[in-house]
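Geometric and topological summary
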Amino acid sequence: MKRRTFLIGSAAVTGGVMLGGYRLLRPKGNPLLPILEEGQFALTPYVIVDGSGVSVVAPRAEMGQGIHSTLAALVAEELDVTLEDVRVIHGPASNVYANHIAFPPTQNRRAFLEEEIKTRLGAPENPTQLTGGQSSIQDAFVKMRTAGASARHMLVEAAAREFGAEPSILSTTGGAVVHPDGRTIPYTALAEAAATVDPPDDPPLKPQEEWTLLGRSQPRVDMVGKCTGTAEYSIDMRLPGMLYAAVRRNPHLGARMTSFDDSRARSMRGVRDVIGLDDGIIVVASNTWYAMMAAREVDCSWESAPYPASTEEHLAALSDAVRRGEGPRWRDDGDVDRALEDSSVIVEEEYHVPYLAHATMEPLNALAWLRQGRLDIWAGNQNPTAAQFVGAQLTGLPIDAVHVHTTYMGGGFGRRLEMDFVASAIRAAMALPGTPIQATWPREEDIRHDSYRPTAVGRFRGAISNGRPAAIDLTVSSPALHSSASRRNEYLPRGDVRDTPDKFSVTGVMDQPYRIDHYRVTAAPGQRLLPVGWWRSVGESQNTFFMESAIDEMAHAAGGDPLEMRRSLLDHAPSRTVLDTVAEMSGWSTPLPEGRARGVAYALSSGAATAQVVEVSRSDDGIRVERCWIAVDVGIALDPRNIEAQVTSAVLFGICSAIHGEITVEDGRVVQSNYDDYPLIRMVQAPRIDVHVHESGGEIYGVGESGTPTAAPALGNAIFAATGQRIRRLPFGRSVTIL
């Protein structure tokens with residue numbers, strides 16, 4: 001942490017709601033104290049003031065989603081400073097910064113929060129400093145505002161002593177405490193005295209009608225750095241004497257390397273070492289290119305793949321599972337079997353989706369430096385406490401000797417929740433102690449050794465009665481995320497490694513608020529196939545495609561309007577509102593020119609009601625995606641412009657994957673290796689996207705993923721409306737030409 005570091009203000013750091021003051025955390029210590037420089041004062045674990053200014057310590061990682069700006073605004077609002085007056089840095093790895101929304105210790109998030117409010121408990125047994133799951137603002141909304149309010153209280157108390165006045169007569173503005181007679185004392189002059197003031201347990205927060213920063217679009221705090229190329233990512237890090245490494249691993253994921261011959265590689269220019277791993281090698285050289293070229297020349301013998309050898313075999317295994325229909329039932333309303341027997345109109349189909357890579361723009365990389373009983377790690381990562389744990393496990397060092405420096409990320413999408421790329425750098429540093437080593441995965445290793453979005457199969461049977469769905473029976477099957485993670489990360493706690501479906505297998509189908517009297521969702525156990533992991537919108541990305549395609553098929557079978565039928569099935573007010581809004585935005589009820597058609601999809605995504613309409617045009621050359629309209633209920637919009645940017649990004653992410661995204665397997669190896677065979681949509685293919693941000697009030701809902709799940713089904717339903725062809729296997733580019 002450099003000189004002008006942080007004003008980190010959060011008295012309530014133990015939950016997603018107000019859970020009491022800083023006193024609860026004093027036994028755990030303030031993670032900032034060991035790294036403060038002379039003249040810096042940490043008022044709480046989130047705010048430090050020094051003589052040169054104020055900074056906000058963000059507990060979540062910035063990977064392009066603008067989270068640092070909104071987190072800073074939460075603190076600055078209560079502290080009465082502008083965003084221009086603060087600097088934002090990422091906090092150190094510490095359970096004090098645990099995310100209690102993304103993975104609470106119970107599956108019922110609401111019940112967990114209510115229990116915490118009632119008992120004022122501290123952190124759960126295994127907290128994690130995770131960025132993901134649209135959870136950052138939900139977790140921070142109260143705690144970060146409380147951070148600013150606590151720091152302001154302490155500064156006012158310190159100023160009152162200076163003025164010899166009652167704190168109640170003082171006010172704050174522009175980073176200073178103001179006396180009614182006009183005298184002012186800047187926060188920077190009060191820092192040392194404020195650090196001796198006891199923070200309040202429950203400082204009052206500004207009512208929404210008094211907000212000056214929140215609720216308004218703010219300039220991004222990282223904008224200048226990213227526009228000028230001065231923002232620092234881990235791949236930009238340079239230290240004196242640093243060496244560079246490249247990784248090469250068994251193309252059969254999860255299998256070992258039996259032997260290797262590195263004689264050619266060791267004779268190449270710049271090569272310093274070749275390190276053998278259980279499943280591959282790391283080449284260390286004087287620059288990254290030399291390391292990558294030398295890694296190709298290592299002659300490796302690989303074990304065979306521990307999973308079926310082809311994509312079709314993977315899908316067949318899942319199809320067999322859904323056709324058997326066995327597994328835990330995550331929803332079972334009414335009497336589905338009787339309703340299906342009694343109906344004269346039955347719709348029954350099966351849908352398939354492929355594995356998907358994350359394909360982040362910045363290749364996976366990390367820098368590790370092991371020396372004198374200390375390990376430093378620089379990495380763009382989504383879970384610094386996990387990186388710290390991995391460093392301690394691999395090196396044998398105590399946890400407080402491992403220091404994680406979280407940099408900007410050139411894309412995350414869930415991939416940087418994994419610690420395999422961090423482990424590569426640590427292992428290289430262990431082989432050459434005293435030398436900082438930056439390990440980079442070549443793009444081919446990144447694509448071919450991802451923790452993929454699961455391939456999945458969904459089978460539905462729907463019953464139509466009186467022109468509306470009377471019953472729906474959905475069975476889905478995909479590799480289980482938690483089981484795959486336990487097998488994949490041998491240095492993390494193993495937990496439950498059974499291949500039973502987890503809640504991510506059924507999100508997007510079992511939790512939708514459709515009023516269908518007979519509604520059943522079954523999760524058929526998947527097999528151990530390719531390693532899978534968290535991907536933008538996780539299970540919703542495949543299951544919303546299944547659900548919304550099924551609803552669309554049932555609407556057409558019933559002879560109804562697809563949007564109006566969805567609306568008639570929902571008694572959730574925000575859901576009806578976003579459907580009405582997107583209908584108006586898109587002109588749903590107005591006729592279209594010949595060759596044009598629209599499709600609609602709806603989802604309740606992590607609490608955010610979302611509706612999307614896609615318009616396509618058909619010509620002899622193929623299908624073009626022309627327009628997208630999307631309405632999202634965010635509860636309370638803290639930064640409308642950034643929300644719009646995130647929803648737009650999520651829509652593009654979903655459309656790109658729906659058109660092109662596919663990881664395939666041949667001879668037990670992933671076929672795709674780079675952007676030439678795992679393409680992204682080009683600017684010329686990107687549709688115009690119109691976003692409406694709806695505020696139902698009361699709660700905060702996540703927005704970073706909510707535009708992704710509805711993209712594929714809305715596009716698929718539009719293609720059907722335009723061509724009469726129902727495409728039930730993604731990507732759409734397999735079946736039609738997308739211009």
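Everything discussed here concerns the structure shown above.
Described in the following lines is the structure provided in the data block. Numbering of residues starts from 1 in each chain and follows the order in which that chain's sequence is written. In keeping with the model being predicted, local features are shown solely for residues with a pLDDT of at least 70 and side-chain atom pairs are shown and tallied solely at 80 or more, while totals for entire chains, interfaces and linings include all residues. Based on all heavy atoms of the structure, the side-chain values leave hydrogens and waters out of the count.

**Some details on the packing of helix α14 (residues 540-557) against helix α18 (residues 711-723)**
For helices, the fitted axis covers only the stretch in contact; all axes are lines through C-alpha atoms, and the angles between them, taken along N-to-C directions, range from 0 to 180 degrees. Note on conventions: DSSP H or I runs of at least 4 residues are helices, E runs of at least 2 residues are strands, and numbering of each starts at the N terminus. Where α14 contacts α18, the two axes come as close as 8 Å, and the packing angle between them is 30 degrees. With respect to α18, the element α14 is oriented roughly parallel. Handedness of the α14/α18 crossing: right-handed. The residues of α18 that touch α14, namely those facing Thr544, Phe545, Glu548, Ser549, Asp552 and His556, are Ala712, Pro713, Asn717 and Phe720. Note that Gly is not counted as nonpolar here; it falls among the polar residues with everything else outside the nonpolar set of Ala, Val, Leu, Ile, Met, Phe, Trp, Tyr, Cys and Pro and the charged set of Asp, Glu, Lys and Arg. Considered class by class, the residues forming the contact of α14 with α18 number four nonpolar, four polar and two charged. When describing relative orientation, an angle under 35 degrees is termed roughly parallel and one over 145 degrees roughly antiparallel, while 65 to 115 degrees is termed roughly perpendicular and anything else oblique. Crossing chirality is assigned from the near helix's rotation relative to the far helix, an anticlockwise turn below a right angle marking it left-handed and a clockwise turn marking it right-handed. In what follows, residue pairs with any heavy atoms lying within 4.5 Å of each other are defined as contacts.

**What about α18?**
Because an α-helix packs 3.6 residues into every turn, residues spaced three or four apart end up facing the same way. With 13 residues, α18 extends 18 Å from end C-alpha to end C-alpha; this agrees with the ideal 18 Å at 1.5 Å per step. In terms of residue burial, α18 counts as a mostly covered element, since 10 of its 13 residues are buried. Type-normalised accessible area, obtained with a 1.4 Å probe on protein chains alone, sets the label of each residue: buried when under 20%, exposed when over 50%, and partly exposed for intermediate values. Taken as a whole, α18 has its buried residues at Ala711, Ala712, Pro713, Ala714, Leu715, Gly716, Asn717, Ala718, Ile719 and Ala722. Elements in contact with the buried residues of α18: α14, α15 (562-568), β22 (596-605), β23 (608-619), β24 (622-633) and α17 (640-660). Glycine 724 lies just past α18 and shows a positive phi near 80 degrees. Multiplying 1.5 Å by the residue count of a helix minus one yields the expected span of that helix.

**A word on the sheet that holds strand β2 (residues 47-50)**
Spatially, the four strands line up as an open sheet ordered β1-β2-β3-β4, and their pairing is mixed. Only two strands of the sheet have a single partner each, and these edge strands are β1 (40-44) and β4 (86-90). With strand direction ignored, the average angle separating the axes of adjacent strands in the sheet is 25 degrees. A pair of strands is considered paired only if DSSP assigns at least 2 bridges between the two. The pairing of β1 with β2 spans four bridges and is antiparallel. Along β2, the bridge assignment pairs phenylalanine 41 with valine 49. Packing against the sheet, helix α1 (residues 67-79) makes contact with β2, β3 (53-58) and β4, and its axis sits at approximately 130 degrees to β3. Sheet strands touched by helix α4 (residues 187-194): β1, β2 and β3. Its angle to β2, the strand with the most contacts, is close to 115 degrees.

**Some remarks on the nonpolar core**
Counting residues in hydrophobic clusters, the biggest one holds 76 residues, and the most contacted among them are Ile472, Tyr514 and Leu715. In this structure, leucine 715 is in contact with Val614, Val616, Val625, Ala658, Ile659 and Phe732, ignoring residues within four places of it in sequence. As used in this record, nonpolar core signifies buried Ala, Val, Leu, Ile, Met, Phe, Trp, Tyr and Cys residues forming a set joined through side-chain atoms within 4.5 Å.

**Considerations on the sheet that holds strand β11 (residues 280-285)**
Within the open sheet, the seven strands sit side by side as β10-β11-β8-β18-β15-β16-β17. Their pairing is mixed. If you trace the sheet from one side to the other, it starts and ends with β10 (271-276) and β17 (402-406), each paired once. The sheet shows a mean angle of 20 degrees between the axes of neighbouring strands, taken without regard to direction. Summarising the sheet, strand β15 (residues 365-371) and strand β18 (residues 437-440) pair through four bridges and their orientation is antiparallel. Bridge pairing in β18 links alanine 368 to isoleucine 437. Running over the sheet, helix α7 (residues 288-296) touches β8 (243-249), β10, β11 and β18 and is turned about 30 degrees from β8. Set on the sheet, helix α10 (residues 384-395) makes contact with β15, β16 (374-379) and β17; between it and β17 the angle comes to about 145 degrees.

**With respect to unusual backbone geometry**
The omega torsion of the bond from leucine 730 to proline 731 falls at 0 degrees, within 30 degrees of zero and hence cis. Its identity is not glycine, yet glutamine 134 carries a phi of approximately 55 degrees, on the positive side. On the secondary structure map, glutamine 134 appears in the loop between α2 (109-119) and α3 (136-163). Taking relative accessible area as the criterion, glutamine 134 reaches 10% and is therefore assigned buried. Although it is not a glycine, phenylalanine 413 adopts a positive phi angle of roughly 60 degrees. Tracing the chain through its elements places phenylalanine 413 in the loop between β17 and α11 (420-431). Assessed through its relative accessible area of 25%, phenylalanine 413 is described here as partly exposed.

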